[in-house]
Amino acid sequence: MDLTLTVKQKAIRKMARQFAENELAPIAREIDAERRFPWEVIEKMGAVNFFGMQAPRKYGGAEVDSISYCIAVEELSRICAAIGLTVSVHNGVAVYPISVFANETQKKRFIPSLAAGEKIGGFCLTEPNAGSDANAIEATAVPHGDDYIVNANKIYVTNGGVADVLLVFTSVVSEGVKRGMGVFIVERGTPGFTVGILEDNCGMRANPVTSIILNDCRIPKANLLGEEGQGFKIGMIALETGRIGIAAQAVGIAQGALDVSIKYAKERIQFKVPIARHQAIQMMLADMSTSVEAARLLTYRAAHKKDKGESLSGASSMAKLFAARTASQVASMGLQIHGGYGYSKEYAIERYFRDARVTEIYEGTNEIQQMVIARELMKTSS
Amino acid sequence: MKIIVCVKQVLAANQIKFDVKTNTMVRAADNSYINPNDLFAIQIAVQLKERYGGTITAVTMGPPISEEVLLEAMALGVDRGMLLSDRRFAGADTLATSYVLGMGIRKLGDFDMVLCGTESTDGNTGQVGPQLAEEMDLPQVTRVEKIEKQGGMVRLERVSDGLREVMEVAPPVLLTISREAVSLSLPSLLDIQDAYVDKKLDCFTLDDLEADEQKVGLNGSGIWVTGLTQVPNKQKRCEFIKGGFRQQVQTLMEKLREKNLID
């Protein structure tokens, strides 16, 4: 068993870290405060393949391995979680399912501009009455000639305000009979397609999370991803692997929170010494660091399993559950180390604290991950 | 245009560890990377290749792990890497290093230019470029900021004493490249993927180079390091100015004047 990164993976970490420090660090605080999507860095991110990390090479992707993908998401999130989120959702639950389930025509049509970052991807599953219970979606697609008439009210769509290509989950209904879930590749600008309100979220504020409304939208049959009835499976596979990216994002947030906390603890003088010399602070830092490392290893393990083609059987859920909790706990402990200053927007830890929390909720809440893990346990133990 | 770029693996500034017994620095995979000054030489070579076509070969001398800097150079647009590695090369000063680099470059046949960084960030001698030019009997220009092909000649610009010098030189030539010459760009994931998977590397030992054993490593070095001690880092100090607003401003002005920061 070899737990060391390859030279290529180390080079990818170095590049992603430099990119994040050069391009994202100077704007992270400002874009959070202004709730602004930083278009100025998107083109630069496209040029170094952050939008087509695992997409097939022949469509402009970089086809890096899943551990490298995690490393890149982690490094971007370490500096700016909202951009880490944009990248993770775009690659993990938009480009990835298209790469796996689309036919050749669809791949040729959609992947190149997504992989180049010229277009941004989104994933529309959640509705007001269907979150964790994905089967309860009320969006419908009714076959009509060469099209489907799609009606949907999707909420909490990450990248919603800027996404050009979105996967929309619907229930296909033909002559009043439900034919299972269908996923459509929907382009912004299609008549009947509206971007709804921008969510005023607690964290990840630079990411334009919105609702997406489709009102009698005519979506060509050529835009159906996979087959009618395959939607639930596509969604679950996308989320199962997408979770690895969210776990990596949570590891990045936790690492970032730990880094700023160590820096602060070495600078802040109380009782005539830097607080890092007080055992109470050292113990917190030690626990934080241990959790971050454990979360990272679980995440890389899930990524490794994916690359080996092994069944993830709960591995991505374990990684996501543990990493998300770690991000929340580490950010909270980091804020504690900062004391009163940590509660002010003057220090970055406050942003990490807000950004971390949602990792326990989106792409499957902690409780859904626990359900998945438990289900696997029931299957495997006699 | 056939370009050769010399690169060195250096230690990350904040991770330098000394072995007090052997007076040498401890090198390991996790604390080494490409000399930042060499990146400017690589970047300008890539620009020249884009403009005039040709090939770029990166050359380094070091332990097998130095292959990493060649891969890094290839991710940035270098075509091939040449690793000069042999236990007998160890302990080399700049003279012995220049000799080995020269022997390696001779194996590559004709070329138009050899580019080097101005100096390494861990040795700071700035000697290898000029010594290599002497070793290979090449004309040399240091701290070059601009390179253009002009007919059979190469037109160069460098800044010295506040004056811009323009000169022409007939290739082959050795140039050290100023940090002002180009702005650096990062490799893409695809560039890294290609460089680290294809690994277009050749490794040469002392015997492959048919080099003189007396001219390499410690044997070939004119300078032996007899002592090495760590210099403590300068500590930043923070001082809080006390008193009322006017008092604080007055104290601040006095302190700035003391340090000659204001008149």
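Per chain, the residues get numbers from 1 upward, laid out in the order the sequence is written. A letter from A marks each chain and a number from 1 marks each ligand, given out in the order of writing. Residue-level local features of this predicted model are given only where pLDDT is at least 70; pairs of side-chain atoms are given and counted only at 80 or more, and the full residue set underlies all totals for whole chains, interfaces and linings.

Enquirer: Hey, could you go over the overall build of chain A for me, with residue numbers and the actual values?
Expert: Comment: elements are numbered from the N terminus, with helices defined as DSSP H or I runs of at least four residues and strands as E runs of at least two. The secondary structure content of chain A amounts to eleven helices and ten strands. Radius of gyration means the value over C-alpha atoms here, while the globule rule gives 2.2 Å times the residue count to the 0.38 power. Its C-alpha radius of gyration of 21 Å places chain A within 12% of the 21 Å reference for a compact globule of 382 residues. For chain A, the spread of C-alpha atoms along the three principal axes comes to 80 × 55 × 40 Å. Counting only residues that meet the buried cut, chain A has 53% of its 382 residues in that class. Counting contacts in chain A only where the partners sit at least 6 residues apart, residues at least 24 apart contribute 75% of the total. With C-beta atoms placed from the backbone, a residue is buried if 20 or more other C-beta atoms are within 10 Å of its own, exposed if 12 or fewer are, and partly exposed between those counts. Any two residues are considered in contact once their C-beta atoms, placed from the backbone, lie within 7 Å.

Enquirer: So what's going on with the interface of chain B and chain A? Residues and values would help.
Expert: Each partner contributes to the interface: chain B provides twelve residues, whereas chain A provides 14 residues. Mapped by element, the contributors of at least two residues to the side of chain B that touches chain A are α2 (67-75) and α5 (189-198) of chain B. The element that contributes the greatest number of residues to the side of chain B that touches chain A is α5(B), accounting for five residues. A per-class count over the side of chain B that touches chain A returns eight nonpolar, two polar and two charged. Three residue categories are used. Nonpolar comprises Ala, Val, Leu, Ile, Met, Phe, Trp, Tyr, Cys and Pro, charged comprises Asp, Glu, Lys and Arg, and polar comprises the others, including Gly.

Enquirer: Tell me about helix α11 (residues 366-380) of chain A, and name the residues and values.
Expert: Residues and elements named next belong to chain A. Each residue after the first adds 1.5 Å to the expected span of a helix. A rise of 1.5 Å per residue sets the reference length of α11, with its 15 residues, at 21 Å; its end C-alpha atoms lie 21 Å apart and thus fit the reference within 8%. Every buried residue belonging to α11 is among Ile368, Gln369 and Val372, and all of these are buried. One face of α11 carries all of its buried residues, which in axial projection span an arc of 105 degrees. Opposite the buried face of α11, at more than 90 degrees from it, the exposed residues are Glu367, Ala374, Leu377 and Met378. As for α11, its buried residues are in contact with α9 (315-338). Note that the arc is computed from the directions linking the helix axis to the C-beta atoms.

Enquirer: Help me get a handle on the packing of helix α7 (residues 231-267) of chain A against helix α10 (residues 349-357) of chain A, residues and values and all.
Expert: Helix-helix packing is characterised by the crossing angle of the two axes and by the distance between the axes. All names here are of chain A. Relative orientation of the contacting elements α7 and α10 amounts to 160 degrees, with a least axis distance of 10 Å. As judged from the angle between their axes, α7 and α10 are roughly antiparallel. The way α7 lies across α10 gives a crossing that is left-handed. Residues Ile253, Gly256, Ala257, Val260 and Ser261 of α7 form the contact with α10, whose participating residues are Ile349, Tyr352, Asp355 and Ala356. Within the contact of α7 with α10, the residues separate by chemical class into six nonpolar, two polar and one charged. All axes are obtained by fitting lines to C-alpha atoms, using only the stretch in contact for helices, and the reported angles, taken between N-to-C directions, cover 0 to 180 degrees. Each angle is binned into one of four classes, with values under 35 degrees roughly parallel, values over 145 roughly antiparallel, values of 65 to 115 roughly perpendicular, and all other values oblique. Here a crossing is taken to be left-handed if its near helix is turned anticlockwise relative to the far helix by less than a right angle, and right-handed if that turn runs clockwise.

Enquirer: Describe the pairing of strand β1 (residues 2-6) of chain B, naming the residues involved and giving the relevant values.
Expert: Residues and elements named next belong to chain B. Counting buried positions over the five residues of β1 gives four, a clear majority of the element. Strand pairing requires that DSSP identify at least two bridges connecting the strands. Note that β1 and strand β6 (residues 55-61) share five bridges and pair parallel. Each residue of the ladder has a partner; that of Ile4, found in β6, is Thr57. Sheet topology places β1 next to strand β8 (residues 113-117); three bridges connect them, and they run parallel. Bridge assignment links Val5 to a residue of β8, and that residue is Leu115.

Enquirer: Give a description of the domain arrangement of chain A that names residues and reports values.
Expert: Residue and element names in this part refer to chain A. According to the domain assignment, chain A consists of domain 1 (7-120), domain 2 (122-228) and domain 3 (232-380). Contacts between the two partners involve 24 residues from domain 1 and, on the opposite side, 18 residues from domain 2. Those elements that provide at least two residues to the side of domain 1 that touches domain 2 are α2 (28-34), α5 (81-101) and α6 (104-115). The leading source of residues in the side of domain 1 that touches domain 2 is α5, at twelve residues. Tallied by class, residues from the side of domain 1 that touches domain 2 come to 17 nonpolar, three polar and four charged. What fixes the domain bounds is an automatic or database domain assignment.

Enquirer: Tell me what's going on with the pairing of strand β7 (residues 210-220) of chain A, and back it up with residues and numbers.
Expert: Sheet analysis places strand β3 (residues 147-157) of chain A next to β7(A), joined by eight bridges and oriented antiparallel. The residue bridging Tyr148(A) from the neighbouring strand is Ile219(A), located in β7(A).

Enquirer: Please set out α5(B) residue by residue, giving values where relevant.
Expert: If you check which residues of α5(B) are buried, you get Leu189(B), Leu190(B), Ile192(B), Gln193(B), Ala195(B) and Tyr196(B). Buried-residue contacts for α5(B) involve α1 (7-24) of chain A together with α2 of chain B. Immediately beyond the C-terminal end of α5(B), within one or two residues, lies Lys199(B), with a positive phi of roughly 45 degrees.

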